[in-house]
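Reading the structure
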Amino acid sequence: MQSTLLHAAGAHALRILFVGNSLLNFNDVPATVAKMLQSDGSGRAVTESHVFVGHLEDVAPGSATDREVRSGKFDVVVLQAAMVSSSGKISYPQTRAIAMAKAARTKGSRTLLYVEWPRRGVDETAFTLGVYRGIAQASGAELLPVCDAWNAVLAAEPKFELWSPDGNHALPLGSYLAACCVYFRLAGVQRTPAYVPAGLDAQKARTVLERCRAQEKDLRTRRELVWPPEHAPPFEKSARGRRIVGSGAVRKSIRGPSSSELW
């Protein structure tokens, strides 16, 4: 499977579809990922598309977004915005998230579940990660724990400003952290992208980049469901609910109801 992906990627641009809410789309994480992938000396070309949804359960079967996910046009599909209880006390159905992840994989798309960071001052990482882990186990999609990298950076550098004033969305440095997590999952940990979004402090950006690289290295040694077998690193022995308010270009997300290189 790995050699097939390498061959296919050489014939066309790497095509990535991002589906999620403002925790994925603020500061244009999808475009940042694409620019990072094209700036690391690999020579790869990348095209990205992104679709804004309140949460994945909002995506109706047969809708335009559902058809895109199932189209088979994309090498990679990144899904975010699972229905996660803001109180941590309710287990919501993940029917549509599971169905879309399964469908994307069936069509040959590598499927990543982007696990968002906690709200400032709220201990919810384990709960949120558990929700996405359930989706991964049911669908075979890969977990991408942006939340863990976020927490690790703040543990080492507590003065780094990752949250916006609302304590929910990311400032540009936090969005760059998220993009770094996606980048290293897709590109592997050997290369270093030259692209850094304008306005970021260079030293802070480098610290974030290296923390995300270290996390990806660590994930590649764990015996847990992170990769489906066809994407497992070769050295492995085995294989919040959110409501969206507002409209237009800017939407506000509020917490909802109480290997080696592959390309």
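As a starting point, this report considers the structure included with it. (Residues numbered from 1 in each chain as written. Predicted model: local features only at pLDDT ≥ 70, side-chain atom pairs only at ≥ 80, totals over all residues. Heavy atoms only, no water.)

1. What about the pattern of salt bridges?
Convention followed: One side-chain nitrogen of Lys or Arg within 4 Å of one carboxyl oxygen of Asp or Glu is enough to make a salt bridge. Three labels apply to residues, based on accessible area from a 1.4 Å probe with only protein chains included: buried if under 20% of the type maximum, exposed if over 50%, partly exposed otherwise in between.
For the structure shown, the criterion picks out twelve salt bridges. Glu 68 is the partner of Lys 73 in a salt bridge, and the nearest nitrogen-oxygen pair spans 2.8 Å. Judged by relative accessible area, Lys 73 falls into the partly exposed class, the value being 40%. A relative accessible area of 24% means that Glu 68 is categorised as partly exposed.

2. Side note on the nonpolar core
Note on soluble globular proteins: their nonpolar side chains tend to be buried together. To keep it simple, the criterion reads: Only buried Ala, Val, Leu, Ile, Met, Phe, Trp, Tyr and Cys residues count toward a nonpolar core, and they belong to the same one when joined by side-chain atoms within 4.5 Å. Helix and strand assignments come from DSSP, with helices taken as H or I runs of at least 4 residues and strands as E runs of at least 2, each series counted from the N terminus.
Within the largest apolar cluster, 43 residues are counted, with the highest numbers of intra-cluster contacts made by Ile 16, Leu 37, Tyr 114, Trp 117, Leu 177 and Val 208. If you tally residues by element for this core, the top one is helix H8 (residues 172–187), at twelve residues. Membership of the second largest hydrophobic core comes to 26 residues, among which are Val 69, Tyr 132, Ile 135 and Leu 143.

3. A word on unusual backbone geometry
A positive phi angle is found at Asp 28, which is not glycine, with a value near 55°. Position of Asp 28 relative to the elements: it lies in the loop between helix H2 (22–25) and helix H3 (29–38). Residue Asp 28 is classed as partly exposed on the basis of its relative accessible area, which comes to 34%. Despite not being glycine, Ala 81 shows a phi value in the positive range, around 90°. Mapped onto the elements of the fold, Ala 81 is located in the loop between strand S3 (76–79) and helix H5 (95–106). Overall, the relative accessible area of 0% leaves Ala 81 in the buried class.

4. Description of the pairing of strand S1 (residues 14–20)
Let me state the cut-off plainly: If DSSP finds at least two bridges between two strands, the strands pair.
Buried residues dominate S1, accounting for six of its seven residues. Bridge count between S1 and strand S2 (residues 46–52): seven bridges; the pairing is parallel. Bridging across to S2, Ile 16 finds its partner in Glu 48.

5. What to know about the environment of Phe 26
Its place among the elements puts Phe 26 in the loop between H2 and H3. Overall, the relative accessible area of 28% leaves Phe 26 in the partly exposed class.

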